[in-house]
Amino acid sequence: MAMQKIRNKKLLVLAEGAVMVALSAVLSLLRIPVGPEGGSIDFAMIPLMIYALRRGVFSGLMAGAVAGMIQYFNEGYAVNIWSLIMDYPLAYMMVGLAGLMMLKKSAGGWALGAVIGGFARWLVHIVSGVVFYASFAAPKVWFMHTPTVWLYSAAYNALYMIPGIVIAAAACAALAKPLSKALME
């Protein structure tokens, strides 16, 4: 009987992950474009963060990798296989780090988890921008002067990542209490 319960729990976690990845794919279609070279504010991180906050880092990382590949196949762009890996599965895996705050069932804990996951994703995009997209770097991103490739990549990716992180943190904070009560096992 105990083995059956463990199998049912694993199946529940897997099914919940699949639903959250699908929801992430749908929410990624609701976007606000912010730059001429790509990048947009969307809501795709929210279900991945909620899943990671409920199920932990490992489950969050795996769901993020799958969601990242779906993002690429929907409307992704990559200059080579390494930029594809870095900008999609690896970057979205980092969203799963929100699960570091899994034990904090408060709005503040969930918001902090969202900030951790979103910030980690932003860092991956910054490194990817420096390594793979340096030739696109301009001396200015809208109103910000960017004398180095690192500053350009950080500023460019901040245009869509910072608002996305703020939106995700607010959503996770708002949903922490209702979801913790509704989805208790």
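Residues numbered from 1 in each chain as written. Predicted model: local features only at pLDDT ≥ 70, side-chain atom pairs only at ≥ 80, totals over all residues. Heavy atoms only, no water.

Visitor: Quick one: what's the story with the overall build of the protein chain, residue by residue and with numbers?
Guide: In terms of regular secondary structure, the protein chain is built from six helices and four strands. Seen in sequence order, the protein chain has helices and strands lined up from the N terminus as α-β-β-α-α-α-α-β-β-α. Taking all 185 residues of the protein chain together, 48% fall into the buried category. Total accessible area on the protein chain is roughly 9700 Å²; 76% of this is exposed by carbon and sulfur atoms. (Helix = DSSP H or I, 4+ residues; strand = E, 2+ residues; numbered from the N terminus. Buried < 20%, exposed > 50% of the residue type's maximum accessible area, 1.4 Å probe, protein only. Areas by Shrake-Rupley, 256 points an atom, 1.4 Å probe, with all protein chains shown as cover.)

Visitor: A description of helix H3 (residues 57-75) should follow, citing residues and the corresponding values.
Guide: In a regular helix each residue adds 1.5 Å, so 19 residues correspond to 27 Å; H3 covers 27 Å between its end C-alpha atoms and thus fits that length. Buried residues of H3: Ser59, Gly60, Leu61, Ala63, Gly64, Ala65, Ala67, Gly68 and Gln71, and no others. (Expected span 1.5 Å × (residues − 1).)

Visitor: Summarise the packing of helix H4 (residues 81-95) against helix H5 (residues 107-132); cite the residues concerned and give the values.
Guide: Relative orientation of the contacting elements H4 and H5 amounts to 170°, with a least axis distance of 7 Å. When the interaxial angle is binned, H4 and H5 end up roughly antiparallel. Crossing handedness for the pair H4 and H5: right-handed. Contact with H4, carried on its side by Trp82, Ser83, Met86, Asp87, Leu90, Ala91, Tyr92, Met94 and Val95, involves Gly117, Ala120, Arg121, Val124, His125, Val127, Ser128 and Phe132 of H5 and no other residues of that element. A per-class count over the contact of H4 with H5 returns 11 nonpolar, four polar and two charged. (Axes fitted to C-alpha atoms, helices over the stretch in contact; angles between N-to-C directions. Parallel < 35°, antiparallel > 145°, perpendicular 65-115°, else oblique. Left-handed = near helix turned anticlockwise from the far one by under 90°. Contact = heavy atoms within 4.5 Å. Nonpolar A, V, L, I, M, F, W, Y, C, P; charged D, E, K, R; others polar.)

Visitor: Provide a residue-level description of empty space enclosed by the protein, including the pertinent values.
Guide: Gaps between atoms show up when a probe of the same size as a water molecule is rolled over them. Tallied over the entire structure, the rule returns one cavity of 30 Å³ or more. Taken together, Ser40, Ile41, Asp42, Met45, Arg121, Tyr160 and Gly164 make up the full set of residues lining the largest cavity. Secondary-structure elements contributing two or more residues to the lining of the largest cavity are strand E2 (40-42) and helix H6 (149-182). Of the residues contributing to the lining of the largest cavity, the split by class is three nonpolar, two polar and two charged. (1 Å grid on protein atoms, 1.4 Å probe; cavity = no way out; pocket = protein on both sides within 12 Å on 5 of 7 lines; lining within 4 Å. Points joined across faces, edges and corners; volume = space filled by probe spheres on them.)

Visitor: Can you tell me about the nonpolar core, naming the residues and giving the values?
Guide: In terms of nonpolar packing, the biggest core is built from 36 residues, with Met45, Leu48, Met49 and Cys172 touching the most fellow members. When residues of this core are traced back to their parent elements, those giving at least two are helix H1 (2-27), helix H2 (45-55), H3, H4, H5 and H6. The biggest single contributor to this core is H6, with 12 residues. Beyond its immediate stretch of four places on either side in the chain, Cys172 contacts Met49, Ile50, Leu53, Trp110 and Ala114. (Core = buried A, V, L, I, M, F, W, Y, C linked by side-chain atoms within 4.5 Å.)

Visitor: Can you explain the packing of aromatic side chains? Please cite residues and give values.
Guide: Tallied over the entire structure, the rule returns five aromatic pairs. Both rings, one in Tyr77 and one in Tyr133, keep their centres 6.4 Å apart while their planes meet at 40°; by these two values the pair is tilted. Within this pair, whereas Tyr77 is found in the loop between H3 and H4, its partner Tyr133 is found in the loop between H5 and strand E3 (140-141), the two being separated by 56 residues in sequence. On the basis of relative accessible area, Tyr133 is assigned to the buried category, the value being 14%. By way of ring pairs, the aromatic residues Tyr72, Phe73 and Tyr88 are connected into one cluster. One cation-aromatic arrangement involves Arg121 over Tyr92; the distance from NZ or CZ to the ring centre is 4.2 Å. (Phe/Tyr/Trp six-rings, centres within 6.5 Å; stacked < 30°, edge-to-face > 60°. Lys NZ or Arg CZ within 6 Å of the ring centre and 35° of its normal.)

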